[in-house]
Amino acid sequence: MKKSFVSSLIVAGILLAATPVSFAQDAAASAAAPAVAAAPAADAAVAAAPVAGEVVETKPAAATKSGSEFWVVLTGSGWLGILLWMLLFGAMGFYVYLVVECSILVRASKIMPQTLINNVQAAMKDGDVVKALQFCENDPTPMAHILSAGFSHVEEGFEVIEKAIGTAADMEVERINQRLTWFSVDSNIAPMLGLLGTVQGMIMAFANLANGTPDVGLLATNIAQALWTTAAGLCTAIPAVTTYYFFRNNANKIVLQMEAITMELVKDLRNVEVVSE
């Protein structure tokens, strides 16, 4: 009986001693699991962090990439492509020159200056045709040329004066239109140059395909050459056509005003006598 009781106590003591050890092992395993899980994340962070002195590669901006692509198209299109681009840039520069010139010259103050009108009106009120003619001869404007043609034939009758004024007016209008016609020339040549660049780019593209193993990069460059030249030609032609009609309508309006003022100034020549000094 005593032996059975002692045996029971020994078994109970062994079980009580084993329980804390099991709990300690479970706790240690639980604490080690997050550390093991965190290890790959730490390794990834270390791998992603830049090393001191290492050059970090950055992606180029979109504008820089676009500019480099255009430069490749410009330089990779051969001598004919470079010549076409020079002509296209020349057409653009010529358009800018025409805009500046016509903005300065095709104006009412340049075609029929108010100072000339006032001087001629004052001379005509005094009946001094010679003085009015001198004012016109000293002025290089189109209206001065028209009035000079009329005053030069004052002794031949009013009908001759009207014909002389009409002829001179036609000549001055033609001079103005000749200056504006360059807009039309530029607007016609620019898209033709762009079309020629398109044809050249397509020829080079199909020649690349004919090799059997086409270079994809070169093929894209050839197609880009075709599209870029077309766009450049249209970007010059469209503003040139618009500007041409703008300046032409403005010139026609000024010419109509000039003709009306001219006839108003010379209408009194029917009864004016020439005073010779």
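Structure's up top.
This one's a predicted model, so the numbers in the text were calculated from it and none came from an experiment. (Residues numbered from 1 in each chain as written. Predicted model: local features only at pLDDT ≥ 70, side-chain atom pairs only at ≥ 80, totals over all residues. Heavy atoms only, no water.)

Undergrad: What's the story with the packing of aromatic side chains in this structure? I'm lost.
TA: For any pair of aromatic rings, the description rests on two quantities: the centre-to-centre distance and the angle between the ring planes. The tally for this structure, following the rule as stated, stands at 7 aromatic pairs. Seen in terms of ring centroids, Phe 94 and Trp 182 are 6.0 Å apart; in terms of plane orientation they differ by 90 degrees. Their pairing is edge-to-face. With a gap of 88 residues between them, Phe 94 in helix α3 (residues 78-105) and Trp 182 in helix α8 (residues 158-209) connect regions that are remote in the sequence. The exposure class assigned to Trp 182 is partly exposed, which follows from its relative accessible area of 45%. Measuring from ring centre to ring centre gives 6.2 Å for Tyr 95 and Phe 183, while their planes differ by 75 degrees; the resulting arrangement is edge-to-face. (Phe/Tyr/Trp six-rings, centres within 6.5 Å; stacked < 30°, edge-to-face > 60°. Helix = DSSP H or I, 4+ residues; strand = E, 2+ residues; numbered from the N terminus. Buried < 20%, exposed > 50% of the residue type's maximum accessible area, 1.4 Å probe, protein only.)

Undergrad: Any chance you could explain the side chain of Glu 172 here in plain terms?
TA: Position of Glu 172 relative to the elements: it lies in helix α8. For Glu 172, a relative accessible area of 6% translates into the label buried. Among the polar contacts made by the side chain of Glu 172, one reaches the side chain of His 145 at a distance of 3.1 Å. Residues in contact with Glu 172, not counting those within four places in the same chain, are Pro 142, His 145 and Ile 146. (Polar contact = N/O pair within 3.5 Å; in protein donor to acceptor, adjacent residues only side chain to side chain. Contact = heavy atoms within 4.5 Å.)

Undergrad: What is the right way to look at the pattern of salt bridges in this model?
TA: Side chains that differ in charge, positive against negative, can pair when their charged atoms come close. Throughout the structure, instances matching the rule amount to 2 salt bridges. Two residues, Arg 179 and Glu 101, come together in a salt bridge whose shortest N-O distance is 3.8 Å. Highlighted residues: Arg 179 in helix α8 and Glu 101 in helix α3, separated in sequence by 78 residues. A salt bridge links Glu 172 to Arg 175; the nearest nitrogen and oxygen atoms lie 3.0 Å apart. With Glu 172 and Arg 175 both in helix α8, this residue pair falls 3 residues apart, about one helical turn. (Salt bridge = Lys/Arg side-chain N within 4 Å of Asp/Glu carboxyl O.)

Undergrad: Quick question: what am I supposed to make of a nonpolar patch on the surface here?
TA: Taken together, the side chains of Phe 94, Tyr 97, Trp 182, Val 185 and Ile 189 present a nonpolar region at the surface, about 460 Å² in accessible area. Breaking the nonpolar patch down by element, the ones donating at least two residues are α3 and α8. Broken down by element, the residue count for the nonpolar patch peaks at 3 residues, all from α8. Given a relative accessible area of 31%, Val 185 falls into the partly exposed group. (Patch = residues over 30% accessible without salt bridge, like charges linked within 9 Å, V, L, I, M, F, W, Y side chains within 5 Å. Areas by Shrake-Rupley, 256 points an atom, 1.4 Å probe, with all protein chains shown as cover.)

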